[in-house]
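Listed below are the residues making up each chain.
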There are 2 protein chains.
Amino acid sequence: MDFGARSGVPTISADEGERLSGRYGPLAQAVRDLIDATIRTEGDDATIAEATAQIRQVTEQLRSGILSESPGLRYVVDGRPLAWGNAVVGLRNPIAPPLSIRHGEPGHCWTDFHLGAAYEGPPNLVHGGVSALVLDHLLGEAASEGLTKPLYTGTITVKYLRGTPLGSLRAEASVYRREGIKTYARGHISDASGVTVEAEGVFILPAWARDGAE
Amino acid sequence: MDFGARSGVPTISADEGERLSGRYGPLAQAVRDLIDATIRTEGDDATIAEATAQIRQVTEQLRSGILSESPGLRYVVDGRPLAWGNAVVGLRNPIAPPLSIRHGEPGHCWTDFHLGAAYEGPPNLVHGGVSALVLDHLLGEAASEGLTKPLYTGTITVKYLRGTPLGSLRAEASVYRREGIKTYARGHISDASGVTVEAEGVFILPAWARDGAE
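Residues numbered from 1 in each chain as written. Chains lettered and ligands numbered in written order. Predicted model: local features only at pLDDT ≥ 70, side-chain atom pairs only at ≥ 80, totals over all residues. Heavy atoms only, no water.

Residue and element names in this part refer to chain A. According to the domain assignment, chain A contains domain 1 (1-88) and domain 2 (99-212). Opposite the 13 residues of domain 1 that make contact, domain 2 presents 15 residues. Of the roughly 1100 Å² buried where domain 1 meets domain 2, counting both sides, 65% is carbon and sulfur surface. One can count zero salt bridges joining domain 1 with domain 2. Where domain 1 meets domain 2, there are one residue pair in polar contact (both at pLDDT 80 or more). Among the secondary structure elements, those contributing two or more residues to the side of domain 1 that touches domain 2 are α1 (3-7), α2 (14-40) and β2 (80-82). (Domains from an automatic or database assignment. Contact = heavy atoms within 4.5 Å. Buried area = accessible area lost by both parts, 1.4 Å probe. Salt bridge = Lys/Arg side-chain N within 4 Å of Asp/Glu carboxyl O. Polar contact = N/O pair within 3.5 Å; in protein donor to acceptor, adjacent residues only side chain to side chain. Helix = DSSP H or I, 4+ residues; strand = E, 2+ residues; numbered from the N terminus.)

The following block contains the structure:
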């Protein structure tokens, strides 16, 4: 299925995609570093007030020329959407770690990633909801074979075996059943000592895309 | 239970809490606005390169004097932890919307909030995992009566009824059963047209806190 043609998202060349990610990727990464410093700084009133003023100034500069409410799935390259605004994998979204997801056999994917202070819940642990966010996305990637199918999460269950430490982590997900418009996937997050969180979910092809359902 | 005394988190006065939130709150809010502009800007190479350089400079300034790996539950005011680094409610965490949670009857809480471009999954919709993040946190707040009890999520199930639009939303959660070390809660997210996502979960008192369990 050609996701671009079906969804109306514009297709750009791989070269143009490279050019735009070279322009906007470093900006988002700089903001990720700023987020971390914002949480951890212990600067005094004057330092913090000056930083706040400078950030507001940069924001004003960036706001000139904004055209869209949100970038969303703005481009398709080689039949795969560039989800640059996505909260989990978006190259242009500073909130996204961003996860870089690798696909193996059809319906299987994994990612090695790092979560810092911004993703904290209990002291030094990943927020339980952040683990759910990562697993929802990864199971969805497995089910949709790299977002090339427009599937939505139906239900997801997340089971916490123990606290997930901030730092280097891995997540994996696999499809284990397909049945009409439903695709079932499961996965987990692990640290160096093993699995910390497990999830399973069912993903559903939306009505508008069902004419092409197998 | 005095959370501060039990957890070893330092207690500060309400005045000191006000003073520090007045220092660091506006900084985090300025970074939230920058995140939104970073995602939505369509500036050219020169504009983006200049903004990137300025942001790196501010980050360097903020990094001077950083003491802790992450702020976590840094202070307790009036027996309630100030979770300033928290990924969902943290005053100092630019990734957090942040949710401002109101508590009614014991075991019931709600929040009115706004999610912009940074929380997007499918075009113009909240990322399903972000809904899970919000509900995990809110159910946990209900179960722990405003984080005054150190409960951890055991299992949470999130059911998506339809897409949740970016914009103004409400979330609610209630405890419906307590049984030894387990507390059961459920909740939902709604937009102006009704409920979009439901969740239920079980929250567990960790072993280190069980000597005080009822």
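From this point on, the discussion continues.
Counting through the fold element by element, A28 of chain A comes out in helix α2. The spatial distance from the C-alpha of A28 of chain A to the C-alpha of P206 of chain A is 31 Å, given a sequence separation of 178 residues. In this structure A28 of chain A touches L91, R92, N93 and P94 of chain A together with T38 of chain B, once residues within four positions along its chain are discounted.

Once that is clear, we can look at the packing of aromatic side chains. Considering all chains together, one arrives at two aromatic pairs over all chains under this definition. Relative to Y184 of chain A, the ring of Y176 of chain A has its centre 6.1 Å away and its plane inclined at 50°; by these criteria the two rings are tilted. Geometry around Y24 of chain B places R92 of chain B over its ring, the cationic atom sitting 3.7 Å from the centre. Taking the ring centre of Y176 of chain B as reference, the NZ or CZ of R186 of chain B above it sits at 3.9 Å. (Phe/Tyr/Trp six-rings, centres within 6.5 Å; stacked < 30°, edge-to-face > 60°. Lys NZ or Arg CZ within 6 Å of the ring centre and 35° of its normal.)

On to the environment of V31 of chain B, then. Tracing the chain through its elements places V31 of chain B in helix α2 (residues 14-40). Through-space distance from the C-alpha of V31 of chain B to that of G180 of chain B is 42 Å; in sequence the pair is 149 residues apart. If sequence neighbours within four positions are ignored, V31 of chain B has contacts with L34, I35, T38 and I55 of chain A together with P94 of chain B.

A word on the packing of α2 of chain A against helix α3 (residues 45-63) of chain B. Packing of α2 of chain A against α3 of chain B leaves a shortest axis separation of 9 Å and a crossing angle of 20°. Considering the angle they form, α2 of chain A stands roughly parallel to α3 of chain B. Judged by the sense of rotation from one axis to the other, the crossing of α2 of chain A with α3 of chain B is left-handed. Contacts between α2 of chain A and α3 of chain B pair R23, Y24, P26, L27, A30, V31, D33, L34, D36, A37, T38 and R40 of chain A from the former with D45, I48, A51, T52, I55, R56, V58, T59, L62 and R63 of chain B from the latter. Its residues placed into classes, the contact of α2 of chain A with α3 of chain B shows twelve nonpolar, three polar and seven charged. (Axes fitted to C-alpha atoms, helices over the stretch in contact; angles between N-to-C directions. Parallel < 35°, antiparallel > 145°, perpendicular 65-115°, else oblique. Left-handed = near helix turned anticlockwise from the far one by under 90°. Nonpolar A, V, L, I, M, F, W, Y, C, P; charged D, E, K, R; others polar.)

Its 27 residues place the ends of α2 of chain A 38 Å apart at the C-alpha level, agreeing with the 39 Å of an ideal helix rising 1.5 Å per residue. At G22 of chain A, α2 of chain A shows its largest kink, close to 30°, and the proline P26 of chain A lies no more than four residues downstream. (Expected span 1.5 Å × (residues − 1). Bend = angle between axes of the 7 residues up to and from the residue.)

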